[in-house]
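# A structural walkthrough
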Amino acid sequence: MPYENDQDHEGDGVDRRGFLECMAWAGTGLVWAVSGGVLSSRAFGAGPDRKGRGDFTFVQISDSHIGFSKETNKDVTATLQETVAKINTLPRAPDLLIHTGDLTHLSKPGEFDIVAEVLKGARAGQVVYVPGEHDVFTDDGKQYLRRFGRGTMGTGWQSFNHQGVHFVGLVNVMSLGLKAGGLGVLGKEQLDWLRNDLAGLTSSTPIVVYAHVPLWMIYPEWGWGTEDGQQALSYLKRFGSVTVLNGHIHQILQKVEGNVTFHTARSTAFPQPAPGQAAGPGPIKNVPAEKLRSMLGLTSVNFIAGRRSLAVIDSTLG
Ligand SMILES: [Fe+2]
Ligand SMILES: [Fe+2]
């Protein structure tokens, strides 16, 4: 069932018609509308008459794990291609496509090649990346950086402005490795960079932060959180609208804390169990083939400057 949070929608820019159109498009998708923030948006599919100056959309995809070929999904390239096809049917081409890491399963050159090739087919203005632990564990991220790190700093972090929104991509997988239970780490150098990066911005600047491992503590027992994430979040507190987008856990989880909204994305490759609902993290086995695509998907974010609410819309491949 689609879920819509029960906050007051009056005047928040998410109209019923737009919402229903969105759901028709999104199938089993999920609309998440937050009112009271500075960011503003509307439901996907609202008519062109609703478009204002400076509005745009962007899409987040995550955890493509190219090279994974176990029972749950023996063709992860196909599901990534289906994800791109879905992006290409969006009524409006996204300005940005953000991949939040675990592009590959084993950091092999051929796996990176496939990711680059498939994403070339996406109708999106610009593709940006942060690495997942699966992209960096064999060589400390050297290959990832050479291929996908253009314009980034340190181990691949970066920031840029787009239509008045400040985007920050953070890397929290460098000392994570593949060991289960290892929390994400940003490190002092990156945190210092972040503090400086944000220092010149007015508090009314909408901020979108993206990183692989969730910045908030979801389930530390499985390494689903970032050790020094709170430090990063303390620098973001003064801003009126902060959206934090993560991957790694292969399922949607969300929370709102003050002006900060947190959201994790589905994988394009395979689902993982809900926190604590299995012996440990990893692909859910025994997913019936006909059910798999309902557990994979992408996240669209629609932004309009000057309105109050942000809508994050998840849709599945199924
Ligand atoms: Fe992953
Ligand atoms: Fe991961």
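## Points about the sheet that holds strand E5 (residues 158-162)
- Ordered in space as E5-E6-E7-E8-E10-E9, the six strands form an open sheet in which the pairing is mixed. The open sheet is flanked by E5 and strand E9 (254-257), the only strands paired with a single partner. Strand after strand, the sheet turns through a mean of 15 degrees between neighbouring axes, direction not considered.
- Across five bridges, the pairing between strand E8 (residues 242-246) and strand E10 (residues 260-264) is parallel. Counted as the bridge partner of Thr243 is Thr261 from E10.
- Sheet strands in contact with helix H5 (residues 188-199) are E5, strand E6 (165-170) and strand E7 (207-211), and its direction is about 175 degrees off that of E6.

## Re the pattern of salt bridges
- What the rule picks out here adds up to seven salt bridges.
- Ionic pairing is found between Arg293 and Glu82, a salt bridge with its closest N-O pair at 2.6 Å. On the criterion of sequence distance, the pair formed by Arg293 in the loop between helix H7 (289-292) and strand E11 (297-303) and Glu82 in helix H2 (residues 76-87) is long-range, its members being 211 residues apart.
- Take Arg293: its relative accessible area is 27%, and that puts it in the partly exposed class.
- Residue classification places Glu82 among the partly exposed residues on the basis of a relative accessible area of 30%.
- Among the ionic pairs, Arg195 bridges to Asp192, the shortest N-O distance being 3.7 Å. One end of the pair is Arg195 and the other is Asp192, both in helix H5 and three residues apart, which spans about a single turn.
- Using a relative accessible area of 40% as the deciding quantity, one classes Arg195 as partly exposed.
- Among the residues examined, Asp192 registers a relative accessible area of 21% and is labelled partly exposed.
- Because the salt bridges share partners, they merge into one network encompassing Lys188, Asp192 and Arg195.

## Considering the packing of H5 against helix H6 (residues 229-236)
- Packing of H5 against H6 brings their axes to within 10 Å, and their N-to-C directions diverge by 10 degrees. Regarding the angle of H5 to H6, the classification is roughly parallel. Here Leu191, Leu194, Arg195 and Leu198 of H5 come into contact with H6, specifically with Gln231, Ala232, Tyr235 and Leu236.
- Among the residues making up the contact of H5 with H6, the classes are represented as six nonpolar, one polar and one charged.

Quick notes on the rules
- Residues numbered from 1 in each chain as written.
- Chains lettered and ligands numbered in written order.
- Predicted model: local features only at pLDDT ≥ 70, side-chain atom pairs only at ≥ 80, totals over all residues.
- Heavy atoms only, no water.
- Pairing = 2+ DSSP bridges.
- Helix = DSSP H or I, 4+ residues; strand = E, 2+ residues; numbered from the N terminus.
- Axes fitted to C-alpha atoms, helices over the stretch in contact; angles between N-to-C directions.
- Contact = heavy atoms within 4.5 Å.
- Salt bridge = Lys/Arg side-chain N within 4 Å of Asp/Glu carboxyl O.
- Buried < 20%, exposed > 50% of the residue type's maximum accessible area, 1.4 Å probe, protein only.
- Parallel < 35°, antiparallel > 145°, perpendicular 65-115°, else oblique.
- Nonpolar A, V, L, I, M, F, W, Y, C, P; charged D, E, K, R; others polar.

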